[in-house]
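# Residue-level structural notes
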Number of protein chains: 2
Amino acid sequence: MYRTHTNGELRLSHKEETVTLAGWVQKVRDKGFMIWVDLRDRYGITQLIFDEERTPAEVMQQAKNLGREFVIQIEGKVIERESKNDNMPTGDVEILVTQLTVLNEALVPPFTIEDETDGGEELRMKYRYLDIRRNPVKNSLIFRSKVTQEVRNYLSKEGFIEVETPYLIKSTPEGARDFVVPSRMNEGQFYALPQSPQTFKQLLMVGGMDKYFQIVKCFRDEDLRADRQPEFTQIDCEMAFIEQEDILNAFEGLTRHLLKEVNGVEVEKFPRMLYDDAMRLYGNDKPDIRFGMQFGELNEVAQHKDFGVFNNAELVVGIAVPGGNKYTRKEIDKLIDWVKRPQVGALGMVYCRCNEDGSFKSSVDKFYDQEDLAKWAEVTGAKPGDLICILSGNTNKVRAQLSALRMELATRLGLRDPKVFAPLWVIDFPLLELDEETGHYHAMHHPFTSPKPGQIELLDTHPGEVKANAYDLVLNGNEIGGGSIRIHDKETQAIMLKHLGFSEEEAKAQFGFLMDAFQYGAPPHGGLAFGLDRLVAILGGQETIRDFIAFPKNNAGRDVMIDAPAAIDEEQLNELHLKVEIK
Amino acid sequence: MYRTHTNGELRLSHKEETVTLAGWVQKVRDKGFMIWVDLRDRYGITQLIFDEERTPAEVMQQAKNLGREFVIQIEGKVIERESKNDNMPTGDVEILVTQLTVLNEALVPPFTIEDETDGGEELRMKYRYLDIRRNPVKNSLIFRSKVTQEVRNYLSKEGFIEVETPYLIKSTPEGARDFVVPSRMNEGQFYALPQSPQTFKQLLMVGGMDKYFQIVKCFRDEDLRADRQPEFTQIDCEMAFIEQEDILNAFEGLTRHLLKEVNGVEVEKFPRMLYDDAMRLYGNDKPDIRFGMQFGELNEVAQHKDFGVFNNAELVVGIAVPGGNKYTRKEIDKLIDWVKRPQVGALGMVYCRCNEDGSFKSSVDKFYDQEDLAKWAEVTGAKPGDLICILSGNTNKVRAQLSALRMELATRLGLRDPKVFAPLWVIDFPLLELDEETGHYHAMHHPFTSPKPGQIELLDTHPGEVKANAYDLVLNGNEIGGGSIRIHDKETQAIMLKHLGFSEEEAKAQFGFLMDAFQYGAPPHGGLAFGLDRLVAILGGQETIRDFIAFPKNNAGRDVMIDAPAAIDEEQLNELHLKVEIK
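A quick note: this is a predicted structure, and the numbers were derived from the prediction, not measured.

### Describing the domain arrangement of chain A
According to the domain assignment, chain A consists of domain 1 (12-104), domain 2 (138-272 + 423-548) and domain 3 (291-412). Spacing between the C-alpha centres of domain 1 of chain A and domain 2 of chain A amounts to 52 Å.

Listed below in structure tokens is the structure:
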């Protein structure tokens with residue numbers, strides 16, 4: 001047996017007991033006649049003491065040779081510390097060591113194994129197994145495990161069945177970004193890795209499973225943004241014989257359960273917002289409602305004067321920055337530079353100071369009088385002491401720009417407290433989305449999403465206006481889940497695929513099995529999927545997901561620790577009937 | 001709301017309530033003035049009654065048009081049945097229908113949705129979503145969900161952390177049978193899908209996670225035997241600071257928990273058997289010990305006479321078949337034919353009848369007298385009324401043949417009761433295994449398994465004799481789990497890889513990251529993985545795994561429902577820098 005206790009376990013009540021411990025050497029303090037060693041494992045740290053007068057000489061000598069991260073096993077007696085450490089649970093005791101075995105030596109680690117490490121991102125990725133020893137990463141992984149266990153407990157209690165769907169499926173044009181897997185046994189043919197188990201969970205509903213869930217890896221071979229991973233994990237759920245209201249209630253229940261069990265936070269009934277309102281009021285389909293700063297549309301009150309920039313704009317829209325009037329001219333200029341950065345892309349920004357005395361001072365005083373500016377303040381909800389920031393231009397662009405500014409300012413103002421949780425349902429998403437590059441419409445959620453009752457007729461005439469039975473769950477400005485009520489009859493599915501540009505033949509080749517299934521008694525059904533990586537990060541009070549993934553890949557999709565992907569040998573390629581051709 | 005109750009819920013206590021139900025039409029009995037419909041969902045069946053005198057005429061008419069597997073919603077009143085059905089929980093009531101909505105029509109299903117269906121294997125695979133509606137499949141999937149939830153509850157309670165390891169990893173020669181995944185972003189390079197998360201779980205131990213588990217898909221691109229799948233699920237576990245004894249106790253605990261919670265069976269402490277003994281006594285490293293029929297090695301008592309077949313054999317070995325003396329000559333001849341089938345491969349079989357009067361009658365009486373045969377009976381444990389079956393030849397072959405015969409006879413004798421559970425640890429497996437084709441040794445478990453203390457020196461001189469810290473968990477003649485104590489120092493791992501034929505360069509390229517990790521303070525560690533598909537099947541009292549997998553693949557590795565794998569288009573291949581070359 002390697003240990004009688006872990007390093008997080010011993011208390012004064014164990015005094016005088018002889019114990020065996022094992023773990024990593026966190027720190028050595030050698031005072032010559034006395035040596036203190038912090039011994040660490042997953043559970044905590046226990047202080048060891050080697051005392052010339054009470055520890056055998058050869059053990060004393062061994063202790064002198066210990067280095068950081070050595071793996072050791074000791075035997076000793078629990079004694080009361082002279083100077084107690086109230087900051088650690090084991091701080092009342094130390095172990096007077098009588099035997100020491102070095103289980104494994106260690107090279108000096110390439111970065112310090114401390115909460116605040118000196119290691120850079122790449123180095124920590126390469127030695128991820130050392131990074132995991134650090135509390136911030138270790139605790140994030142333990143936190144993730146707890147969250148998933150709570151998800152399973154809750155959904156199981158609610159009658160959901162966890163069903164594993166296959167990973168080796170078929171490439172579909174749902175996204176062009178499928179990872180494919182050549183089959184050795186089926187020459188020249190490929191499986192694909194699922195971007196989601198979408199069709200399979202629908203088939204489970206056709207199969208009568210009624211309430212399904214799965215915590216499942218999904219894959220997408222796309223250019224990675226800073227905080228995306230080629231493999232990611234979903235909490236995937238589906239229900240039959242339900243309406244949108246049932247789904248919202250079911251997963252609001254799950255989310256509330258998590259907030260309570262994991263964060264100790266009780267949340268009121270989640271507010272709901274129409275997609276159109278979210279775009280209008282926050283310029284964004286995942287608004288952070290922990291704070292206000294709603295958009296005020298100013299076309300009516302700003303387009304009657306001679307200011308051409310506004311007059312020519314599709315949308316003039318502003319926000320009131322609380323207390324923003326205290327910004328100096330220089331600070332405001334910097335803000336204008338900020339919105340003009342390529343990442344945001346605004347051409348400029350108009351502002352209006354709301355003075356404490358009720359007067360206004362804008363950057364366009366030439367065109368607008370106090371009465372005009374008072375209307376701006378009214379529309380944006382600005383109060384004396386605030387600053388109104390106004391952007392104008394193409395509706396979609398200007399909303400995105402002002403939304404970015406709103407989030408940036410809120411962060412600066414400390415309005416985005418990670419300990420505050422503000423969930424929100426955004427509902428009634430559009431069914432289709434215009435791809436501005438190709439001029440084609442594609443499914444905003446996915447091709448299996450049902451249009452709102454009675455709207456399918458609009459597909460031909462006003463495709464962009466058709467609303468879907470689709471909803472997102474937003475938490476603190478992040479989309480943590482999304483879903484829809486699905487189409488469950490062959491005819492509607494065929495119409496939908498036709499509008500998405502599939503020929504009848506393509507539709508049959510790709511989704512024939514699903515449309516066949518719809519003919520054998522498909523129940524009404526719908527569902528939702530949570531992005532687990534992000535959900536866990538947000539519940540954990542973080543915005544980046546990487547520390548919540550044990551072995552993440554970098555922005556080039558590489559695992560720098562194992563050095564993957566990598567070339568494979570000719571023989572393997574031959575067996576797969578493949579040839580690599582780099583142009 | 002689609003329903004107020006499920007179809008498994010209503011009892012006499014609901015009498016007179018107006019309810020709304022939804023589900024599939026299981027059966028229609030139309031007596032003209034009265035129509036009974038069995039309405040089915042995941043939870044059960046409820047009988048509906050349409051009565052000319054009490055049901056509106058138009059509803060009556062609708063009911064007449066219902067077909068099997070139509071999806072309907074009804075409203076009606078719970079009434080007491082005249083003739084109750086004690087075989088179903090809802091058998092005391094029926095619903096007098098007042099409203100009927102057809103939610104979806106259904107074509108006539110290609111096979112009957114009954115416990116005993118008329119559908120063949122291929123047809124049921126193609127329409128798996130219909131097969132899942134049948135109780136045997138549906139209940140198997142629900143059973144699987146329950147087992148996994150119990151596994152997670154138990155391991156979480158025991159302090160294990162579930163950590164997700166990556167699916168996009170690196171191809172290793174651990175087995176040549178990796179599925180690979182071309183990377184679009186990294187030209188000409190491939191990920192591989194894991195055959196197991198072996199190295200990652202070891203890195204988690206180096207990272208101090210201490211107790212890890214994961215229920216995880218694994219992939220192997222090999223020619224499929226009848227009951228194998230290219231993707232399969234493991235309960236993957238690893239612990240640090242442990243010895244073999246700790247592992248056996250931990251997972252014996254898990255298995256006992258499952259047997260108790262899932263099967264309601266309490267099992268004694270699991271017996272343990274040396275690998276060598278298992279081979280000697282059962283001819284097999286996964287003996288079914290629900291019954292006896294142990295092997296008796298007869299070389300000493302059968303090789304002193306003039307029977308050349310036995311004298312020239314490496315091993316002469318027999319089993320006593322309980323009550324086998326009642327077999328007719330014809331039945332025994334059939335048994336001899338059975339062992340001579342190519343699948344078994346014996347050249348012949350010697351037998352000896354043990355008569356009730358204590359005398360013997362063998363097929364080789366020419367060479368052996370009663371005294372000789374009495375010794376055979378003694379060695380094989382045969383009693384009056386038994387039949388001794390004897391095979392001879394090359395040790396490995398003859399053991400496999402007699403093991404097959406033993407299992408076949410036990411099945412015929414009804415000794416393999418699926419409701420009886422006989423777990424067994426088989427321990428001290430050989431470290432290496434001779435590949436008879438190539439003459440090379442390869443790792444019996446995997447290249448990370450540690451040899452028994454003090455045996456590493458034998459690697460040069462007697463590689464086949466080195467025993468490993470490796471163990472299998474066997475249940476009813478099936479290996480349900482296996483694992484080992486791992487190597488945790490770079491030097492031993494290097495020696496091991498050298499003996500497995502890796503050059504220093506290859507070892508570094510493939511496992512450099514692991515051997516590097518061993519230099520930074522690796523703790524002693526080991527683990528075990530359960531094959532979930534098989535475990536669930538055996539706990540469920542079945543021998544085949546397919547019904548416990550929602551969407552299995554066929555023996556050619558194909559999903560016949562979605563028709564995968566399939567060709568992908570030229571554009572996709574170009575993006576992956578690949579060309580298909582079929583010779």
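### Focus: the environment of Glu266 of chain B
Residues and elements named next belong to chain B. Within the secondary structure, Glu266 sits in the loop between helix H6 (244-263) and strand E11 (272-274). The exposure class assigned to Glu266 is exposed, which follows from its relative accessible area of 62%. Spatially, the C-alpha atoms of Glu266 and Phe429 are 28 Å apart, while their sequence positions differ by 163 residues.

### Observations regarding helix H4 (residues 135-157) of chain A
For H4 of chain A, with 23 residues, the first-to-last C-alpha span of 32 Å sits near the 33 Å given by 1.5 Å per residue. Of the residues flanking the end of H4 of chain A, it is Gly159 of chain A, one or two places downstream, whose phi is positive at about 90°.

### A look at the interface of chain A and chain B
Taken together, the contact between chain A and chain B spans 124 residues of the former and 124 residues of the latter. With both chains or domains summed, chain A and chain B bury close to 10900 Å², and 58% of this area falls on carbon and sulfur atoms. The three residues of chain A that bury the most area against chain B are Glu164, Phe241 and Tyr520 of chain A, which together make up 8% of that side's buried surface. One can count 10 salt bridges joining chain A with chain B. Of the charged contacts in the structure, one is a salt bridge between Asp221 of chain A and Arg184 of chain B, with a shortest N-O distance of 3.5 Å.

### Re the sheet that holds strand E15 (residues 360-362) of chain B
All names here are of chain B. Spatial ordering of the open sheet is given by E12-E13-E16-E14-E15, a layout of five strands whose pairing is antiparallel. Two strands bound the open sheet, and with one partner strand each, they are strand E12 (296-297) and E15. Running over the sheet, helix H11 (residues 370-380) touches E12, strand E13 (315-321), strand E14 (350-354), E15 and strand E16 (387-393) and is turned about 95° from E15.

### Thoughts on unusual backbone geometry
Trans peptide bonds make up most of the peptide bonds, and negative phi angles are found at most residues other than glycine. All names here are of chain A. In this structure, Pro565 follows Ala564 across a cis peptide bond, with omega equal to 0°. Position of Pro565 among the secondary structure elements: in the loop between helix H16 (532-539) and helix H17 (570-575). In this model, Glu69 sits at a positive phi of 70°, which is unusual for a non-glycine residue. With respect to the helices and strands, Glu69 occurs in the loop between helix H1 (57-64) and strand E4 (71-80). If you check the backbone angles, Asp563 has positive phi at about 60° while not being a glycine. Topologically, Asp563 is positioned in the loop between H16 and H17.

### Focus on the pairing of strand E17 (residues 423-427) of chain A
Residue and element names in this part refer to chain A. Here E17 lies mainly inside the structure; five of its five residues are buried. Neither face of E17 is exposed, since Pro423, Trp425 and Ile427 on one face and Leu424 and Val426 on the opposite face are all buried. Relative to E17, strand E11 (residues 272-274) is paired through three bridges, and the arrangement is parallel. Along E17, the bridge assignment pairs Leu274 with Ile427.

### Concerning the sheet that holds strand E6 (residues 161-162) of chain A
Residue and element names in this part refer to chain A. Spatially, E6-E9-E10-E22-E21-E20-E17-E11 is the arrangement adopted by the eight strands of the open sheet, whose pairing is mixed. Here the strands that pair on one side only, and so sit at the sheet edges, are E6 and E11. As paired elements, strand E21 (residues 478-485) and strand E22 (residues 525-531) share five bridges and run antiparallel to each other. Note on E22: the bridge partner recorded for Gly483 is Leu528.

What counts, and at which threshold
Residues numbered from 1 in each chain as written. Chains lettered and ligands numbered in written order. Predicted model: local features only at pLDDT ≥ 70, side-chain atom pairs only at ≥ 80, totals over all residues. Heavy atoms only, no water. Domains from an automatic or database assignment. Helix = DSSP H or I, 4+ residues; strand = E, 2+ residues; numbered from the N terminus. Buried < 20%, exposed > 50% of the residue type's maximum accessible area, 1.4 Å probe, protein only. Expected span 1.5 Å × (residues − 1). Contact = heavy atoms within 4.5 Å. Buried area = accessible area lost by both parts, 1.4 Å probe. Salt bridge = Lys/Arg side-chain N within 4 Å of Asp/Glu carboxyl O. Pairing = 2+ DSSP bridges. Axes fitted to C-alpha atoms, helices over the stretch in contact; angles between N-to-C directions.

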